[in-house]
4 protein chains.
Amino acid sequence: MGKIKKIGVMTSGGDSPGMNAAIRSVVRTCAFYKIECAGIYRGYQGMIEGDFIELNARSVKGIINKGGTFLKSARSKEFMTKEGRQKAYDQLKKANIDAFVVIGGDGSFTGALIFNQEFGFPVMGIPGTIDNDIEGTSHTLGYDTTLNTVVDVIDKIRDTASSHNRLFFVEVMGRDVGHIALNVGVGAGAEEILIPEEDLGLERLLESLRRSKQSGKSSSIVIVAEGDKTGKNVFELKDYVNEHLPEYEVRVSVLGHMQRGGSPSCFDRVLASRMGVSAVESLIDGKSNLMVGLISDKIAVTPLEKAIKGQSKINKELIRVSDIMSV
Amino acid sequence: MGKIKKIGVMTSGGDSPGMNAAIRSVVRTCAFYKIECAGIYRGYQGMIEGDFIELNARSVKGIINKGGTFLKSARSKEFMTKEGRQKAYDQLKKANIDAFVVIGGDGSFTGALIFNQEFGFPVMGIPGTIDNDIEGTSHTLGYDTTLNTVVDVIDKIRDTASSHNRLFFVEVMGRDVGHIALNVGVGAGAEEILIPEEDLGLERLLESLRRSKQSGKSSSIVIVAEGDKTGKNVFELKDYVNEHLPEYEVRVSVLGHMQRGGSPSCFDRVLASRMGVSAVESLIDGKSNLMVGLISDKIAVTPLEKAIKGQSKINKELIRVSDIMSV
Amino acid sequence: MGKIKKIGVMTSGGDSPGMNAAIRSVVRTCAFYKIECAGIYRGYQGMIEGDFIELNARSVKGIINKGGTFLKSARSKEFMTKEGRQKAYDQLKKANIDAFVVIGGDGSFTGALIFNQEFGFPVMGIPGTIDNDIEGTSHTLGYDTTLNTVVDVIDKIRDTASSHNRLFFVEVMGRDVGHIALNVGVGAGAEEILIPEEDLGLERLLESLRRSKQSGKSSSIVIVAEGDKTGKNVFELKDYVNEHLPEYEVRVSVLGHMQRGGSPSCFDRVLASRMGVSAVESLIDGKSNLMVGLISDKIAVTPLEKAIKGQSKINKELIRVSDIMSV
Amino acid sequence: MGKIKKIGVMTSGGDSPGMNAAIRSVVRTCAFYKIECAGIYRGYQGMIEGDFIELNARSVKGIINKGGTFLKSARSKEFMTKEGRQKAYDQLKKANIDAFVVIGGDGSFTGALIFNQEFGFPVMGIPGTIDNDIEGTSHTLGYDTTLNTVVDVIDKIRDTASSHNRLFFVEVMGRDVGHIALNVGVGAGAEEILIPEEDLGLERLLESLRRSKQSGKSSSIVIVAEGDKTGKNVFELKDYVNEHLPEYEVRVSVLGHMQRGGSPSCFDRVLASRMGVSAVESLIDGKSNLMVGLISDKIAVTPLEKAIKGQSKINKELIRVSDIMSV
C-alpha cells in the first residue's frame, strides 16, 4: 500500500447529531496534512454511483453545529452484492480515492470490512449512531445530544403530567439496547424504566405504580425503550395499566424521529472533532479496519471486527440508582 | 354587589404554557390593591371540594418561567350538575371568596357563565389554551410558546428527513382549528399543510408532492392538524401516499402532549402578566362575565358569551403565503 | 416604468434573526411569479461592487431557521456619496435588475429613498432590526426572537442570583428605545426596568430596592437598556447601589451581541414570509418607496419616509404592569 | 462512631447546574435507607446559624431539572474561625445530624476536612463547580451543562460575526484552568483559544489571524479564558489586534454569570444522581473525608485531601485538535 493521497468520507445508516462535525474534522485534518478529500454522497449507494464532491477546509465551514448530514445517508442493497462493491471500487479508483472513513453503525462497518477484505482498500470507522450500542467506545457520536433532546421533551411532558395528575408512558429509541431509556429515565426522574435487557415483569410495574400513588406522587412518567422485554408495546402497556389500575389516567407519547435531529451538544462536537483527526491520522499511518472510539475519556482504536460483534452493555449501576431515586 | 375583598384564581381544562405566569399576575395584582387572593386547586373540582390555598405576592415567586400550572387542572363532571355548583358556591362563601378568575378555554368559560347566572357571582376569564381557538383575542395564552416548541421539533425532524431524502407527515394539535398547523407549516417551511377548515383534496396533495419531486426537492414535510378535513388520519395518509407515490419513503411523527409543555415564551409571559392585571382590575371595577383578550396588540375585554360562541378564524393570507413558499 | 423582470434583494445594517427567512420569501415569491431574483451581497457596498448572485427557489432551501444573513450585511460610506450611488445604479442596470427589496433599519431605508429619488429606481423596505424602533409596524423582524433569547438568558442569571441572594444589573440592547428592556423586564420578572424614554430617578431605584429587601425578596434583577436615562451606565449603577445599599451584593451582566443571533422564532419566520410576499407583490403592482409592516396583525404598507421619521412608542401600559408585578 | 441516623446536605461556593439534582439524590437515598435528612441553607453560614429544614422524598420532587440550588449557597467567613466551627458543630448536634454531604468546590472541601479533623464529624464531598478543576473526577457537576450553554451562545455570536465579517473575542469562565475555553473553543469552531495553562504568545495570535484572513475565512471567533496567560484581558486584546490588524473589525463579548445557570444536561442530572447515592452509601458504610467522582465513567472516591491539592489537567490532545481544525 502506497502513500495516501486522497481520502473519501461518508455517512451511512441512520443519521445522528455530530455527523456533520465529524465530516468537517476529516476534511480539515486532510487539509492540515495536505491530503485531498472527497465527500461521498448517500453512503455506499453514492459510492457505487460515483456521487462524489471535492471538499476543502472552507467547504465545511458553518456546519459543526448543524444536525443531520450534508453528505446525506442511505442504505444500499446493491452494496451487499459482489457486483455492487466492484462498481464502488471502480468508482473510487477512477476518482483516485485511496482510502475512506465511514461514519455510521455496525451495518456500515460490516460493509467496510467486507470491502477491505475483497479489495485491500484501507478503511476506518467512526461510530455515528444515537443508540450507543457499539463496543469499543463509551459514547457513540450523537448519543449525548439525543439524551439532552429526550430529557428536554420529557420535561415538557411532565409539565402536563403534573398539571393533570396523569401517568405517561413515553417510548424512546433503542430497539436492542436500553442506554437511552436508562439515562433519560434517571435524568428525567422517571418512576420506572422498561428496557430490552431486563424483564422486570408487569407485576412489578403495577406494584411500583401502586406504591407511587400511595407515597403521594401525583403524576408519573414511565420510560419504555422500543425493544422493551415485557412483550407489550407502549399502547398495550397503557391498556394493561388502565385495566389493572383504573385510578390512573394514562397517556402515551411516542417520541419518534425527532430524537435523531438537532444541533449537537458540545460533547458530541468535540468527540466528532477528535474522532475525525484520529481516523485520518490512522490511515496516514498505514492502519486500516479500525474504529475510532472513546475509552476512559481517551481516543482509542478497536478492530472493526470486534466493534461489530460486541455490543456495549448497559450500566447496571444505573438501574439501582433509578430504583433508589423513585423511592 | 359589595366591594371585592378576596379573589379566587384557578386553571381549568387542558394546561398551557403561561398559566403559572397568569396566576402570578392575578395574585400580585391582588396584593397591589391590597385584596386577598386564594388559589383554587384542580379547577372546578377543587372548588367543589374547597381545596383552596391562601396566596400572597411571595407565594408566586420563581414561577413566571415554569410550564404547566402549579394549581393543577382537571375536568369536573360534578360541576356540570346544579348540586355540584351549589357545593362550589358554598365553599367559596365559606372561604370568603367574592369573585374568581378562571384561566382556561370555552368549556371553562361556559362553567363560569352558568355559575354567574345561578349565583350572581362575579367571574372573569383568561383564555389559556394552546389552540388559539377563542374569539375575542388574537392570541390565547400558550399559543405562541407552542408554535415555537413545534417548529423547533420540526427543525429536528427535517435534519433526518433531508439526510435521508424522506417525506414526513407530522401531526400537530388542533382538533377544530388549524392555527397551529398553518403557522408552524409556514414557519418550518412545510410543503403542504392539512387543516380542519379546508379540504384541499387528496389529489392536490399527490400533485403537490409530485411537483416537489420534479422541482428537485429531496425531502418534504407535510403538517397535518389532528382534525384535518381529508378524513384520513396521519397513518392512513402515509399508506395512501405510499401506494400512489412509491418513489417517496414516508415516515410519520405524532407530536402529542409535548406540545403543551415548556417554559413560556417572552410573549406569553408578558401577555399573561397583562391579562392578570386586567382581570383583577375589571372585578374591582364591578365588572363580570368578561374575557380578557388581546385585540390589535391592546388588552380588551369581550363578553364571555361571545367568546364561547365564536371561534377565531384562520388567516387565509397564510394559506396563500404557504402556497407561494412551497413553489 | 416597465414591467419588473428581475428583483434584487439584500440585507443592510445590523443583522437580525429572520433576515434569511425574509430573503427566502423574496426569492420564492419571485419564482412563483416567474420573475428573476438576484441576491446582493453586503448591502449597499456589494451593490456598488456588483457583488450579485442569481437565486432560484432551491438556492434558499434550509435557511428559514438560520440566524444571521447569508447575503451578509455591511455599512457603506461610499453609498452616502452621489458617485457611490451612481456606481450602484450602473451595476444594477448592467445586471438587468429592475427593482430591489432592502431588509434593514432606518439608515438602510434612507439610502433606498435617496436612491429612488435620484434614479427613479423602484425600492421596497422590510424592517429587519431587533430594536423594534420603526414606525409603521408593530413588530420589526427579529424583535420577537431577541425577546425570547434575552428572557432565556435572564432565567439563567436568576438561577445564580437566587442561589446567592444577589442583585444583578443586566444590560440589554436598545440605545434609543426601551422595547426590549420593557418586555424582557416584565417577561423575566425584573424588579426594575431602566429605559431611554423615562427617567425614573436614581432615588426611586434605591427606594424600590429597599422595599424589595423589606418585603422578603432574596434576589433581584434590574434590567437596564443601553441608552437608559439615568445618565449612568450599568457599571456606574452598580457602584452607586453598592455605596447606598451595602446590604446588597451586586453583579453586572452585559448581554451584548448574542442578543442578535439564533434561530428565529416561529413568529419571526412567519412574519418574514408574509413580508417578503408583500414586498415583491408591491413591486409587481408598480408600487415603490414603501415599507411592509404588521399593523393590528395584518400586513400593511407605510411610506418609507414616514417609517424613517417616526419611531414606535413604548407601551406605557407595560410600565404599569411591571410596577404592579414587582409589588 | 455509631450508626448514622440523620444526614445533612448543603451546597457551598459558586452555584452550578445539577446541584438541585444532587440534593434530591442525597435526600432520596436517605429515604431509601430510612435515614433522616436535613437540608442546610446557605452552606456553612446556615450551618452556624442552624438554618435547617427537614427533607423527605417528596420535598425534592420537580427539582431535578432546575438550575441553581434551592438550599442556596454562600461563603462564610465565620466558618474560617474556630469559634464559627464550634457553633456549627453545636447546631448539628442539637439537630441530631450525624454526618453531612457538601456539594461544592475546593474551598468547601477544605472547610469540611478541617471540621472533620476538629470534631471527628463524618463528611463527604460532591464536586459541584462548572470549572472542572478538581482532581479525582473527570467531570465536576455542572461542567457539561456549562459547555452546552456556552457553545449555544457562541453559535449565536457567530451568526452576527459571519453576517458582518467580524472578529469576536469571547471571554468565558475559567480563572485557573482552561477546560471550558478549550472545549467550547473546539466545539464552537473557534480560530484560537487562549487559556491559563499555556502562553501561546501574542505574535502567534496575530499570525494565526493573518493566516485566517488569507485562507478566505470571513469571520473569526477567539475564545479567551478569564485567566488567560497573555497578561491582557479581553478588551486589551481587542485594542492590540485593532492596532496590529486594522483589516479586522473586532468586537468583544464577556459571557459572565449566565454560564452558571440553566437546566442541567442529561449527563449532569445522571451524574448528580449517581454521586448522591454514593455519598450517602459511603457515610452509611462508615467512610468519611472522601469526594465522590467519576473516573473512567465509573463512580469512584478520592480522599478530600488529594482532591483539594490536585487540579485536573487540561487535555493537551484538544489543543492539537483545535490547531488542526482551524487549518
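Just so you know, these numbers come straight off a predicted model, no measurement behind them. (Residues numbered from 1 in each chain as written. Chains lettered and ligands numbered in written order. Predicted model: local features only at pLDDT ≥ 70, side-chain atom pairs only at ≥ 80, totals over all residues. Heavy atoms only, no water.)

Thoughts on the interface of chain D and chain A
Phase 1 of the analysis: Contacts between chain D and chain A engage 51 residues on the former and 50 residues on the latter.
Phase 2 of the analysis: When chain D packs against chain A, the two sides together hide about 3900 Å² of surface, and 56% of this comes from carbon and sulfur.
Phase 3 of the analysis: Broken down residue by residue, the surface that chain D buries against chain A is led by Arg58, Cys266 and Met325 of chain D, which jointly contribute 16%.
Phase 4 of the analysis: Connecting chain D to chain A are six salt bridges.
Phase 5 of the analysis: Residue Glu281 of chain D pairs with Arg320 of chain A through a salt bridge whose shortest N-O separation is 2.9 Å.
Phase 6 of the analysis: Taken together, the connections running from chain D to chain A amount to 17 residue pairs in polar contact (both at pLDDT 80 or more).
Phase 7 of the analysis: Listing elements by their share of the side of chain D that touches chain A, those giving two or more residues are helix 1 (19-32), helix 5 (143-164), helix 6 (179-187), helix 9 (266-284) and helix 11 (316-325) of chain D. (Contact = heavy atoms within 4.5 Å. Buried area = accessible area lost by both parts, 1.4 Å probe. Salt bridge = Lys/Arg side-chain N within 4 Å of Asp/Glu carboxyl O. Polar contact = N/O pair within 3.5 Å; in protein donor to acceptor, adjacent residues only side chain to side chain. Helix = DSSP H or I, 4+ residues; strand = E, 2+ residues; numbered from the N terminus.)

A word on the pairing of strand 2 (residues 36-40) of chain D
Residues and elements named next belong to chain D.
Phase 1 of the analysis: With four of five residues buried, strand 2 lies mostly within the body of the structure.
Phase 2 of the analysis: One ladder, built from four bridges, connects strand 1 (residues 6-11) with strand 2; its direction is parallel. Note on strand 2: the bridge partner recorded for Lys6 is Glu36.
Phase 3 of the analysis: Chirality of the crossover, the property in question, places the unit of strand 1, helix 1 and strand 2 among those that are right-handed.
Phase 4 of the analysis: Of the strand pairs in this sheet, strand 2 and strand 3 (residues 52-54) are connected by three bridges, and their pairing is antiparallel. Across the sheet, Ala38 pairs through a bridge with Glu54, a residue of strand 3. (Buried < 20%, exposed > 50% of the residue type's maximum accessible area, 1.4 Å probe, protein only. Pairing = 2+ DSSP bridges. Right-handed = clockwise from strand over helix to strand, strands pointing away.)

Remarks on the interface of chain B and chain A
Phase 1 of the analysis: Each partner contributes to the interface: chain B provides 31 residues, whereas chain A provides 31 residues.
Phase 2 of the analysis: Roughly 2300 Å² is buried in total at the junction of chain B and chain A, and carbon and sulfur atoms are behind 50% of that figure.
Phase 3 of the analysis: Taken as a group, Lys156, Ser163 and His257 of chain B account for 25% of the area that chain B buries against chain A, more than any other trio of residues on that side.
Phase 4 of the analysis: The tally of links between chain B and chain A comes to 14 residue pairs in polar contact (both at pLDDT 80 or more).
Phase 5 of the analysis: For the side of chain B that touches chain A, the elements supplying multiple residues, two or more each, are helix 5 (143-164) and strand 9 (250-254) of chain B.
Phase 6 of the analysis: When residues of the side of chain B that touches chain A are assigned to their parent elements, the largest contribution, nine residues, is made by helix 5 of chain B.
Phase 7 of the analysis: A per-class count over the side of chain B that touches chain A returns six nonpolar, 17 polar and eight charged. (Nonpolar A, V, L, I, M, F, W, Y, C, P; charged D, E, K, R; others polar.)

Describing the state of the cysteines
Residues and elements named next belong to chain C.
Phase 1 of the analysis: Evaluated as defined, the whole model comprises zero disulfides over all chains.
Phase 2 of the analysis: Not part of a disulfide, Cys30 finds its nearest cysteine sulfur in Cys37, a span of 4.1 Å.
Phase 3 of the analysis: Its relative accessible area of 2% is what places Cys37 among the buried residues. (Disulfide = S-S within 2.5 Å.)

Some thoughts on the relation of the copies chain B and chain A
Phase 1 of the analysis: Between chain B and chain A, the superposition needs a rotation of 180 degrees and an axial shift of 0.0 Å, giving an RMSD of 0.0 Å. The relationship between the two copies is best expressed as a two-fold rotation axis.
Phase 2 of the analysis: Taken together, the interface assignments show that 100% of the residues at the interface of chain B recur at the interface of chain A, consistent with an identical surface on both copies. (Least-squares fit on C-alpha atoms with pLDDT ≥ 70 in both.)

A few points about the pairing of strand 4 (residues 99-104) of chain A
Residue and element names in this part refer to chain A.
Phase 1 of the analysis: With six of its six residues buried, strand 4 lies for the most part within the structure.
Phase 2 of the analysis: Residues Ala99, Val101 and Ile103 point to one face of strand 4 and Phe100, Val102 and Gly104 to the other, with burial holding for every one of them.
Phase 3 of the analysis: Relative to strand 5 (residues 123-127), strand 4 runs parallel, the two being bridged by five bridges. Paired with Val101 across the two strands is Met124, which belongs to strand 5.

A few points about the relation of the copies chain D and chain A
Phase 1 of the analysis: Mapping chain D onto chain A leaves a residual RMSD of 0.0 Å; the transformation is a rotation of 180 degrees accompanied by 0.0 Å of translation along its axis.
Phase 2 of the analysis: When you check the interface residues of chain D against chain A, 98% turn up at the interface there too, and the contact is symmetric in its surfaces.

Comments concerning the UniProt feature "binding site: ADP" (unreviewed entry) in chain A
Phase 1 of the analysis: Following the UniProt record, the feature "binding site: ADP" (unreviewed entry) maps to Arg24, Ser25, Val26, Val27, Arg28, Arg158, Gly189, Ala190, Glu191, Lys217, Ser218 and Ser219 of chain A here. Taken along the chain, the residues just named run across 196 residues; in space they spread out, the farthest C-alpha pair reaching 52.7 Å.
Phase 2 of the analysis: Position of Arg158 of chain A relative to the elements: it lies in helix 5 (residues 143-164).
Phase 3 of the analysis: If we skip the residues at most four places from it in the chain, Arg158 of chain A touches Ala188, Gly189, Ala190, Glu191, Ser219 and Ile221 of chain A.
Phase 4 of the analysis: In this structure, Lys217 of chain A sits in the loop between helix 7 (202-214) and strand 8 (220-225).
Phase 5 of the analysis: According to the relative accessible area criterion, Lys217 of chain A is buried, its value standing at 9%.
Phase 6 of the analysis: Not counting residues up to four positions away in its chain, the partners in contact with Lys217 of chain A are Glu191, Ser212, Ser326 and Val327 of chain A together with Arg58 of chain D. (UniProt positions renumbered as here; feature names shortened; annotations may be inferred.)

Quick notes on helix 5 of chain D
Phase 1 of the analysis: Across its 22 residues, helix 5 of chain D extends 32 Å between first and last C-alpha, which sits within 8% of the 32 Å expected from 1.5 Å per residue.
Phase 2 of the analysis: The buried fraction of helix 5 of chain D is high, at 20 of 22 residues. (Expected span 1.5 Å × (residues − 1).)

Overview of the packing of aromatic side chains
When we look at a pair of aromatic rings, we describe it by the centre distance and by the angle of the planes.
Phase 1 of the analysis: In the structure shown here, the tally under the stated rule is 44 aromatic pairs over all chains.
Phase 2 of the analysis: Ring geometry for Tyr89 of chain D versus Phe121 of chain D: centroids 6.2 Å apart, planes at 85 degrees, classification edge-to-face. Remark: Phe121 of chain D occurs in the loop between helix 4 (106-119) and strand 5 (123-127) and Tyr89 of chain D occurs in helix 3 (residues 82-94); sequence separation between them is 32 residues.
Phase 3 of the analysis: One aromatic cluster is present, formed by Tyr44, Phe79, Tyr89, Phe100, Phe115, Phe119 and Phe121 of chain A through successive ring pairs.
Phase 4 of the analysis: Over the ring of Tyr248 of chain A we find Lys213 of chain A, and its NZ or CZ is 4.4 Å from the ring centre. (Phe/Tyr/Trp six-rings, centres within 6.5 Å; stacked < 30°, edge-to-face > 60°. Lys NZ or Arg CZ within 6 Å of the ring centre and 35° of its normal.)

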